Number of protein chains: 2
Amino acid sequence: MIETVVSARDRMLRAKTAAREIALLRDAQKTEALEAMAAAISADAADIVAANVVDISRGEASGLSLALQDRLRLDHARVKSLADAVALVAVLPDPVGRVLDDRTLANGLHLQKVAVPFGVVGSIYEARPNVTVDIAALALRSGNSIVLRGGTAAEMTNAALVATMRRALTSVGITPEAIQTIDKFGREGARELMHARGIIDVLVPRGSAELISTVVTESTVPVIETGAGVVHIVLDATAPLEWAREIVVNAKVQRPSVCNAVETVLVHRGAAERLVPPITSALQASGVVVHGDTDVQKLGTDIVPATPEDWKTEYLGLEIAMRVVDDLDGALAHIREYSTHHTESIITTDDASADRFLAEVDSAVVMVNSSTRFTDGSEFGFGAEVGISTQKLHARGPMGLAELTSTKWLARGAGQVRA
Amino acid sequence: MIETVVSARDRMLRAKTAAREIALLRDAQKTEALEAMAAAISADAADIVAANVVDISRGEASGLSLALQDRLRLDHARVKSLADAVALVAVLPDPVGRVLDDRTLANGLHLQKVAVPFGVVGSIYEARPNVTVDIAALALRSGNSIVLRGGTAAEMTNAALVATMRRALTSVGITPEAIQTIDKFGREGARELMHARGIIDVLVPRGSAELISTVVTESTVPVIETGAGVVHIVLDATAPLEWAREIVVNAKVQRPSVCNAVETVLVHRGAAERLVPPITSALQASGVVVHGDTDVQKLGTDIVPATPEDWKTEYLGLEIAMRVVDDLDGALAHIREYSTHHTESIITTDDASADRFLAEVDSAVVMVNSSTRFTDGSEFGFGAEVGISTQKLHARGPMGLAELTSTKWLARGAGQVRA
């Protein structure tokens, strides 16, 4: 037991030592490394799938749910898509070295604030092998070492993927110690990772609300929280029916399992009679179960009575909650109470309502007349998405590569001293 | 006991409710409020000094050290300087509302990333009444509510200052609940503050390394760490004597009690004979005790033998450690082992050494040919300093008002849905 503890720490320390080399890599070297990783994943597909078969068999034996088995499973097509994703990261612009501030003091001291890698990024996530590859590629693209702690159910698959990526680094003359997995050290390893202040510079949990909550609460390493999305759309008194219907249906149905899908629709009382019947019908025609308050029940058909629990629920499926509110204040109060501060949108043609909504809603992304599904790093034009931050420190909303960097001030002088 | 616990939380919740109003204040309203606060502090000077006398008497009775009594003490002149500091913050530019990114997607959706207040800032600090006023003013200037938890030894003084500032807010029609103190709830209140996730948006500890370490370790609220400074100056083989001597003496002597003062000088072996004698003499002439390794002992006079403990020590006084290293690699290795990642400077005329130092030293501020004393928000031109961050997340180095803001994405559309 003591030996495994030492070893998880040893792997983290190796990542830290490697980080010095990785931080200094030039753009072209990182591109080459990522292209080598993509090629290696394709070349090693048979081994990776074989390792995955072992994990899946264990999962079946231990009663892993079919949904989790599906997320865990890698066939040749999925391995190819992992390699393709790495190849896409390879050609993204290098976020390191950007000059973010430049000022010369009266005494001639020249100050520049530049983007630098964090150093060592840690990630704790669930049994999803795509996250293993995704985070490793994004970390390397931004000049960081990575320590990975995936779900135990994916241990063999992750080990195979990490071994492949490490060999790819070696093949282009870069230290393989930049990519580490501590899966084999189990919960104790995860705990060590969360307490590795001074070794791990930032920890990015990815997965269920419960996992993220555990990491946020337990970790003494700074965390970027990527949280759940209880996302709201408000239909203001002036909401045009066409926009309201299209946006609500799109935000719920286009991909219901993700965090930027809408979960609750709040309808201004002045528009309820006009909007609730056609919008609930359109949702139901798309297979959505509508949970409504008593007002919605009166205006719609086949409405499931909503309970207070519905307002808190991230359905992540073809269900939606709908409530009639007296006015914009009522909508804002509901959002304050139940929002997870991810994304909220208002449908309105009234500029005053739009402006109030934009100013007063305290969420990472606040929208007017838009589907909430646009809260996404790729849609925002970042080229890659590290996650969607629901915290206010460091990064908020969709995170691109820039959010995997820190900054450093460089000061160039000629003997300046302070008076 | 249970009642006090409820009340600390109640004060935090009031700050949170108030934050909605404070976040929407216009620039001119915040200026007016801060000017009212400055005027009120001057007007209430007698009451504030009287409250301070009570704290000082208690401190004397309980054996508070003279140094801590001095930091705690407020006379009329010091109260005036508190008011002056608030007046200076009043005229600083508003950091809220700056547009940090602006992009229009192909579908016409207009995205803007804007600076917004955090909401509620918490601060845990020691018995220094100036921090009470300073942090409250900076929080308000950046549109935040504040919950203050100062040292118990300053409880009466802080209560008087907070009461004065709250009255000033009321006098200009702003809710006084934006400024809260939880001093009276003692350690239990501090603990509640550190665990008030969802109420407190960011916690800024200020004070000793021990205090900061406790907050960083215990808090589940995101923390901005303002850390200690074991600051290094490297004298490269090419270091000009004049620059080296002036910069080392300035960095140590100009104000030895602060975190950007130098603590350790690392001398390239190729320059040791040339530089150690005159620089140790100059330091000693300024009253500095020099702790040196065996090489420094041979070259200088009256050198106190350095122990490994010296390399870790932030003297914060007229003492300095000096060590001869074989080369730049030796200096970089020493810094990696002992630096607190605050500020390091190299004195050199060799561009290659300068570039390596700037690239490889992993500190908030990395300097060439400059006194480390310039690591300071006012010197950098920020107009105010919230503290100096030694962490990599969110803010690094001197923090101005901008670092007390978060961001929010605003999206303005016309019915856009995702394909």
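Residues numbered from 1 in each chain as written. Chains lettered and ligands numbered in written order. Predicted model: local features only at pLDDT ≥ 70, side-chain atom pairs only at ≥ 80, totals over all residues. Heavy atoms only, no water.

With that out of the way, let us pick up helix α2 (residues 27–43) of chain A. Between its first and last C-alpha, α2(A) extends 24 Å over 17 residues, near the 24 Å set by a 1.5 Å rise per residue. Within the sequence span of α2(A), burial applies to Lys30(A), Thr31(A), Ala33(A), Leu34(A), Ala36(A), Met37(A), Ala38(A), Ala40(A) and Ile41(A). (Helix = DSSP H or I, 4+ residues; strand = E, 2+ residues; numbered from the N terminus. Expected span 1.5 Å × (residues − 1). Buried < 20%, exposed > 50% of the residue type's maximum accessible area, 1.4 Å probe, protein only.)

This paragraph deals with the packing of aromatic side chains. Inspection of the entire model under this criterion finds six aromatic pairs over all chains. Summarising the aromatic geometry, the rings of Phe380(A) and Trp409(B) are spaced 5.0 Å apart at their centres and angled 70° between planes, so their arrangement reads as edge-to-face. Taken together, the positions of Phe380(A) in the loop between β13 (365–370) and β14 (387–389) and Trp409(B) in strand β16 (residues 405–416) put the pair across two chains. Residue Trp409(B) is classed as buried on the basis of its relative accessible area, which comes to 1%. (Phe/Tyr/Trp six-rings, centres within 6.5 Å; stacked < 30°, edge-to-face > 60°.)

We now examine the relation of the copies chain B and chain A. Its rotation angle being 180°, the transformation that places chain B on chain A also includes 0.0 Å of axial translation and leaves an RMSD of 0.0 Å. In symmetry terms, the pair is related by a two-fold rotation axis. When each C-alpha of chain B is compared by its distance to the rotation axis, His394(B) comes out closest, at 1.8 Å. By residue overlap, the copies meet face to face through one surface: 100% of the interface positions of chain B are interface positions in chain A. (Least-squares fit on C-alpha atoms with pLDDT ≥ 70 in both. Contact = heavy atoms within 4.5 Å.)

All right, on to the domain arrangement of chain A then. Taken domain by domain, chain A comprises domain 1 (2–225 + 399–411) and domain 2 (231–374). Between the C-alpha centres of domain 1 of chain A and domain 2 of chain A the distance comes to 36 Å. (Domains from an automatic or database assignment.)

Looking now at the interface of chain B and chain A. With 68 residues of chain B at the contact, the number on the chain A side is 68 residues. Both sides of the chain B and chain A interface together cover about 5,800 Å² of buried area, and 54% of this is carbon and sulfur. In this structure, Arg197(B) engages Glu225(A) in a salt bridge whose closest nitrogen and oxygen atoms are separated by 2.5 Å. On inspection of chain B and its partner chain A, the count reaches 43 residue pairs in polar contact (both at pLDDT 80 or more). Among the elements of the structure, β2 (110–117), α9 (209–218), α10 (241–253), α15 (351–360), β13 (365–370) and β16 of chain B are those that each provide at least two residues to the side of chain B that touches chain A. Top element by residues in the side of chain B that touches chain A is β16(B). It accounts for eleven residues. Considered class by class, the residues forming the side of chain B that touches chain A number 32 nonpolar, 18 polar and 18 charged. (Buried area = accessible area lost by both parts, 1.4 Å probe. Salt bridge = Lys/Arg side-chain N within 4 Å of Asp/Glu carboxyl O. Polar contact = N/O pair within 3.5 Å; in protein donor to acceptor, adjacent residues only side chain to side chain. Nonpolar A, V, L, I, M, F, W, Y, C, P; charged D, E, K, R; others polar.)

Time to look at the sheet that holds β2(B). Strand-to-strand pairing in sheets goes through backbone hydrogen bonds, with the strands running parallel or antiparallel. The strand order β10(A)-β9(A)-β11(A)-β8(A)-β7(A)-β12(A)-β13(A)-β16(B)-β2(B)-β1(B) describes an open sheet built from ten strands, whose pairing is mixed. Where the open sheet ends on each side, the last strands, each with one partner, are β10 (304–305) of chain A together with β1 (99–104) of chain B. Across eight bridges, the pairing between β2(B) and β16(B) is antiparallel. What sits directly across from His110(B), in β16(B), is Arg412(B). (Pairing = 2+ DSSP bridges.)

All names here are of chain A. Inspection of the secondary structure puts Gln112 in strand β2 (residues 110–117). The class for Gln112 is buried, based on a relative accessible area of 14%. With near-sequence residues (within four places) excluded, Gln112 lies in contact with Val99, Asp101, Asp102, Lys408, Trp409, Leu410 and Arg412.

Bringing the pattern of salt bridges into the picture now. The full count for this structure, using the stated rule, is 52 salt bridges over all chains. We note a salt bridge from Arg141(A) to Asp94(A), for which the minimum N-O separation is 3.9 Å. Here the residue Arg141(A) occupies a position in helix α6 (residues 129–141), and Asp94(A) occupies one in the loop between α5 (76–90) and β1 (99–104), the gap between them amounting to 47 residues. Classification of Arg141(A) by relative accessible area gives buried; the value is 0%. Residue Arg167(B) pairs with Asp44(B) through a salt bridge whose shortest N-O separation is 3.1 Å. On the criterion of sequence distance, the pair formed by Arg167(B) in helix α7 (residues 155–171) and Asp44(B) in the loop between α2 (27–43) and α3 (45–61) is long-range, its members being 123 residues apart. A single salt-bridge network, built from bridges that share partners, covers Asp10(A), Arg14(A), Arg166(A) and Glu177(A).

Turning to the side chain of Lys408(A), a few remarks are in order. As for its placement among the helices and strands, Lys408(A) is situated in strand β16 (residues 405–416). A polar side-chain atom of Lys408(A) sits 3.2 Å from the main-chain carbonyl oxygen of Ala359(B). Among all residues touching Lys408(A), those that are not within four sequence positions of it are Gln112(A), Lys113(A), Val114(A), Val116(A), Leu358(B), Ala359(B), Glu360(B), Val361(B), Ser363(B), Ala364(B), Val366(B) and Arg396(B).

Right, let's get into the packing of α2(A) against α5(A). Residues and elements named next belong to chain A. Running from amino to carboxyl end, α2 crosses α5 at an angle of 170°, the nearest separation of the two axes being 8 Å. With respect to each other, α2 and α5 are oriented roughly antiparallel. Where α2 abuts α5, its residues Thr31, Leu34, Glu35, Met37, Ala38, Ile41 and Ser42 lie against Val79, Leu82, Ala83, Val86, Ala87, Val89 and Ala90. The class makeup of the residues in the contact of α2 with α5 is eleven nonpolar, two polar and one charged. (Axes fitted to C-alpha atoms, helices over the stretch in contact; angles between N-to-C directions. Parallel < 35°, antiparallel > 145°, perpendicular 65-115°, else oblique.)

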